[in-house]
Amino acid sequence: MTGVRRGAERAADRTTDRSPAGGPALEVDPLIDDPDTRIVVCCGSGGVGKTTTAAALALRAAERGRDVVVLTIDPARRLAQSMGLTELDNTPRKVPGVDRTKGGSLHAMMLDMKRTFDEIVEQHADPERARQILENPFYQSLSSSFAGTQEYMAMEKLGQLHGGGSWDLIVVDTPPSRSALDFLDAPQRLGSFLDGRLIRILSAPAKVGGRGALKFLSAGVGLMTGALSKVVGTHLLKDIQTFVAALDTTFGGFRKRADATYKLLQANGTAFLVVAAPEKDALREAAYFVERLDAESMPLAGLVLNRVHETRAAQLSAERSAAAAETLIELAYDQEEGADEPAEDGPSAEDLRLVAGLLTLHAERLRMIGREERVRTRFTSIHPDVPVVEVPALPGDVHDLEGLRAIGQHLA
Amino acid sequence: MTRVTPADRARFVPAEMVSLDCVSQATQHDSPRAAGADTDWEGVRLHVVSGKGGTGKTTVAAALALALAHGGQRTLLVEVEGRQGLAQLFETAELPYEERKIAVAPGGGEVYALAIDPEEALLDYLDMFYHLGRTGKGLKKLGAIDFATTIAPGLRDVLLTGKACEAVRRRVKGVWAYDAVVMDAPPTGRISRFLNVNTEVAGLAKFGPIHSQAEAVMRVLRSPETAVHLVTLLEEMPVQETVDGVAELTGTGLPVGGVVVNMARPPLHADDETDTGRALNAELLEAGLRAARVRPTKALVAALLKEAEEHAGRIVLETQERATVRGLGLPMYELPLLADGVDLGGLYRLADALREQGVA
Ligand SMILES: Nc1ncnc2c1ncn2[C@@H]1O[C@H](COP(=O)(O)OP(=O)(O)OP(=O)(O)O)[C@@H](O)[C@H]1O
Ligand SMILES: Nc1ncnc2c1ncn2[C@@H]1O[C@H](COP(=O)(O)OP(=O)(O)OP(=O)(O)O)[C@@H](O)[C@H]1O
Ligand SMILES: [Mg+2]
Ligand SMILES: [Mg+2]
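Predicted model only: the values in this text are computed from it and were never measured.

Residue and element names in this part refer to chain B. As summarised here, the arrangement of the eight strands in space is S3-S4-S2-S7-S1-S8-S9-S10, forming an open sheet in which the pairing is mixed. A strand with exactly one partner marks an edge of an open sheet, and here the two such strands are strand S3 (100-105) and strand S10 (332-336). Strand-to-strand twist across the sheet, computed as the mean angle between neighbouring axes with direction ignored, equals 25°. Pairing of strand S8 (residues 226-232) with strand S9 (residues 256-264) involves four bridges; the strand directions are parallel. Paired with Thr232 across the strands is Val261, a residue of S9.

Taken together, 20 residues form the shell around ligand 2, and within it Gly53, Gly56, Lys57, Thr58 and Thr59 of chain B come nearest. Looking at the residues close to ligand 2, they fall on chains A and B. Of all elements in the fold, only helix H3 (57-69) and S9 of chain B reach the threshold of two or more residues within the shell around ligand 2. Sorting elements by how many residues they give to the shell around ligand 2 places H3 of chain B first, with three residues. Tallied by class, the residues present in the shell around ligand 2 amount to six nonpolar, 11 polar and three charged.

Residues and elements named next belong to chain A. The strand order across the open sheet built from eight strands is S3-S4-S2-S5-S1-S6-S7-S8, with neighbouring strands paired in mixed fashion. Lying at the two open borders of the sheet, with one neighbouring strand each, are strand S3 (93-94) and strand S8 (388-392). Where strand S2 (residues 67-72) lies against strand S4 (residues 105-110), six bridges are found, and the strand directions are parallel. Paired with Val68 across the two strands is Leu106, which belongs to S4. Contacting strand S1 (39-43), strand S6 (270-276) and strand S7 (300-308), helix H14 (residues 280-295) crosses the sheet at an angle of about 160° to S6. Across the face of the sheet, helix H17 (residues 401-411) comes into contact with S7 and S8 while running at roughly 145° to S8.

This next bit is on the domain arrangement of chain B. Residue and element names in this part refer to chain B. Here the domain parsing of chain B yields domain 1 (6-27 + 41-265 + 337-356) and domain 2 (267-323). The interface is formed by six residues belonging to domain 1 together with five residues belonging to domain 2. The residue inventory of the side of domain 1 that touches domain 2, partitioned by class, reads three nonpolar, no polar and three charged.

This part is about helix H15 (residues 318-336) of chain A. For H15 of chain A, which comprises 19 residues, the first-to-last C-alpha distance of 27 Å matches the rise-based estimate of 27 Å (1.5 Å per residue) to within 8%. Within the sequence span of H15 of chain A, burial applies to Ser321, Ala324, Ala325, Leu328, Leu331 and Ala332 of chain A. Angular distribution of buried residues about the axis of H15 of chain A spans 125°; they occupy a single face of the element. Taken together, the buried residues of H15 of chain A touch helix H16 (349-382) of chain A together with helix H12 (282-291) of chain B. Gly338 of chain A sits one or two residues past H15 of chain A and shows a positive phi near 80°.

This next bit is on the packing of H15 of chain A against H16 of chain A. Residues and elements named next belong to chain A. Across the interface, H15 lies against H16 with an axial gap of 8 Å and an inter-helix angle of 160°. As far as their axial angle goes, H16 and H15 are roughly antiparallel. Handedness of the crossing formed by H15 with H16: left-handed. Seen from H15, the contacting residues are Ala318, Ser321, Ala322, Ala324, Ala325, Leu328, Ile329, Leu331, Ala332, Gln335 and Glu336; seen from H16, they are Ala349, Leu352, Arg353, Val355, Ala356, Leu359, Thr360, His362, Ala363, Leu366 and Arg367. Across the contact of H15 with H16, the residue classes tally to 15 nonpolar, four polar and three charged.

A few words on the site of ligand 1. Around ligand 1 sit 23 residues, and of these Lys50, Thr51, Thr52, Pro176 and Leu394 of chain A come closest. Residues close to ligand 1 are split across chains A and B. Listed by contribution, the elements that provide at least two residues to the shell around ligand 1 are helix H3 (50-63) and S7 of chain A together with helix H11 (236-252) of chain B. When residues in the shell around ligand 1 are grouped by element, the largest group, three residues, is from H3 of chain A.

For the rest of this paragraph, the subject is the environment of Gly103 of chain A. All names here are of chain A. Locating Gly103 in the fold gives a position in the loop between S3 and S4. Classification of Gly103 as exposed rests on a count of 10 C-beta atoms within 10 Å. Considered as a pair, Gly103 and Gly159 are 56 residues apart in the sequence and their alpha carbons are 25 Å apart.

Let us look at the pairing of strand S2 (residues 74-79) of chain B. Where a strand is regular, its side chains alternate between the two sheet faces. Residue and element names in this part refer to chain B. Among the six residues of S2, six are classified as buried, and the element is accordingly described as predominantly covered. Neither face of S2 is exposed, since Arg74, Leu76 and Val78 on one face and Thr75, Leu77 and Glu79 on the opposite face are all buried. Sheet topology note: the S2/strand S4 (residues 109-115) ladder contains six bridges and is parallel. Across the sheet, Arg74 pairs through a bridge with Glu110, a residue of S4.

Next up on the list: unusual backbone geometry. Residues and elements named next belong to chain A. With phi around 50°, Ser297 is a residue other than glycine that occupies positive phi space. With respect to the element layout, Ser297 can be found in the loop between H14 and S7. Phi at Arg307 is positive, roughly 65°, even though this residue is not glycine. Structurally, Arg307 can be placed in strand S7. When the 20 C-beta atoms within 10 Å are taken as the criterion, Arg307 is described as buried.

About the thresholds
Numbers given to residues run from 1 along each chain, matching the order in which its sequence is written. Written order decides the labels, with chains lettered from A and ligands numbered from 1. In view of the model being predicted, local features appear only for residues whose pLDDT reaches at least 70, and side-chain atom pairs are presented and counted only at 80 or more, with totals across whole chains, interfaces and linings using the full set of residues. The pairing criterion is simple: DSSP has to find at least two bridges between the two strands. A run of DSSP states H or I qualifies as a helix once it reaches four residues; a run of E qualifies as a strand once it reaches two. Both are numbered from the N-terminal end. For every element, the axis is a line fit to its C-alpha atoms; helices are fit only across the contacting stretch, and the angle between N-to-C directions ranges from 0 to 180 degrees. Only the C-beta atom matters for nearness: placed from the backbone, it must lie within 6 Å of the molecule or strand for the residue to count as near. Under this grouping Gly is polar, as are all residues other than the nonpolar Ala, Val, Leu, Ile, Met, Phe, Trp, Tyr, Cys and Pro and the charged Asp, Glu, Lys and Arg. Here, residues touch in the contact sense if the C-beta positions derived from the backbone fall within 7 Å of one another. Note that the domain bounds reflect an automated or database-derived domain assignment. To estimate the expected span of a helix, subtract one from its residue number and multiply by 1.5 Å. Think of it as a crowd count around each C-beta: if 20 or more other C-beta atoms lie within 10 Å the residue is buried, if 12 or fewer it is exposed, and in between it is partly exposed, with C-beta placed from the backbone throughout. Working note: the arc is built from the helix axis to C-beta atom directions. Put simply, angles under 35 degrees are roughly parallel, angles over 145 are roughly antiparallel, angles from 65 to 115 are roughly perpendicular, and the rest are oblique. Handedness of each helix crossing follows the sense of rotation of the near helix against the far helix: counterclockwise by less than a right angle gives left-handed, clockwise gives right-handed.

Structure follows, in structure tokens:
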């Protein structure tokens, strides 16, 4: 009976505020309608539907009257196009085709991490210094390929959008990473990395010259820089030192910056939505993430279980459907072998096989639904208080406003 | 005949030492498989498996290593992202930084696995070249190793690719330690950069050990002994990434291998990939259900037809995406979506499917 519950009882569950497989139901409308909600962050492991959910939520909020900006990260090309995002220019663009009768509006932007990083440098250094930094190979490597730069820059951009004050609601997508935790960890990692002991040691010689450096560097540390220069080459080490010194004197407070944005995530107007596919790995990640949010006192709005399979034909169980398919294949075989004369107007062998195919498909779908329910139940028994909303797997990709509205409807 | 296990043979041979001579060996290398075998990747000894995140890189890499080990070969599966995905897949304890036998293939083949830890690799490397001993540990404490493997542009990737290359070229008593090495590589978005990092580094570090190692590794990666396979799903984003990835790899001069379409849904008619089940109608379905002794209630028929229609839509999309992949003109393999997920048994089935399609 599992499948029926998904279809028919879903509406009933709503009214009792219970979602299908236990746990309170998540309703996003009250969340996005609440003027105190200023930031919604969509997190989750790779490929689960973070970008789609963020865009759908932002569109829904805008059409319900709020002035919204959505910060997307690497959206699918067609989705980006349908939101009017034709180039990666790091500024919010107005999304065409949004229903504005309730007075809201929607802007969207794609994060350009390198440009965001460059802008920080340009803002904080005089032009000559900025040029030095931007040209340094280490800076270039850091700003374009350091694991975590994308996360850091997403946070940075969020801080900027928030600081600008012109948005009523900011919806944030997060970078595709294996673990949702990366979003929280990477900025601090980068921050402490740049503020770290080693960086300070490395920057010392370049900053105060040889003699001062000696005072600062113990013999042991000297040996290590020596070793380091052997490994990376003196030439490279000098590049590192110049880079670090430049960073250090222009804005030593990398970690401070990261900390400030981190605090923003703990503020009252912020809500996290954890997106997950109904799969073991994704839900395990989601559970970790929920625990982490709790530990950090970050406000969790709930879990979006995306791409859930449904059926309206649960009365035909997986076992019976599979058995029926086998029967039909046997019948078709008998017919072809001439053992059975087909009834005058009865189905042909080919027809029988077609129906058998459908029944096999149905059996597989039910099995999948069963599996999905089991992993979901496991999650809700560990986290019974986390509100959950299910979004069905739509038959096609979600790549236009219509599709986003459909997703938004399911989120509501 | 007692064979020494590859893990016994070499702990860490710096890539520099091995890959430098491997280039000269490349021309005279012995065929990894029995004479007369006829497969698509004859002569390829390093299989790099990339693809969009979550498409099944780890799964396909493992299945490929099993397939290549079939019939008495010995393969090494290399993990570079530090996620212990292989251990999970093979249902074993966490892999240490050490080559370990992880599975056997039908016909006496063996699959070894290695999770490369860049920090450990760097320490080994330092020890080997500079005999750093305790200083190495001190460097680690200070965060220097972390620093070096995270920020020094690509040093981490140099170590990872270098270690893989070393395993590819390792010889014991004149024969290859491994018949093939399969790498569970970073995703498409980073693969060209990852593999090409040695070019970049060779440019940055103009002299010194890193420079020469980087150059040597690059020669191997660009050689016909290497093939970079891309895993995709028949969905818009992964296919787009595959197309972009192939262009980028080609542009970078890296050898593109095949495309593995993973988790493909079978059409209703198994022998016709374009069959969408559109021919189904209520009447036909009712008759079919009756023939199978299932009562064709209106609700059931309507619901099943809806499922057929959704499936049809999906198949149409998949057919379009498949055509795009086909347009790349690369060898293409297809692995089915396993309804119960991938367990160890499923992995062997996927390996068989790869073999049937001529991969190994
Ligand atoms: N409910 C749904 N039904 C059908 N397709 C969906 C649904 N949600 C998302 N998709 C599709 O799944 C794909 C991945 O979604 P999306 O890009 O939002 O994931 P993501 O979590 O942002 O991925 P990444 O981690 O790569 O950034 C897209 O092609 C999208 O159209
Ligand atoms: N053919 C298949 N049938 C069913 N499930 C599959 C199949 N291939 C992979 N999967 C499942 O899909 C998920 C992702 O697979 P896998 O971990 O191999 O992908 P990946 O590309 O390595 O991911 P990541 O980018 O996170 O490293 C896993 O849960 C895996 O079991
Ligand atoms: Mg995304
Ligand atoms: Mg993987």
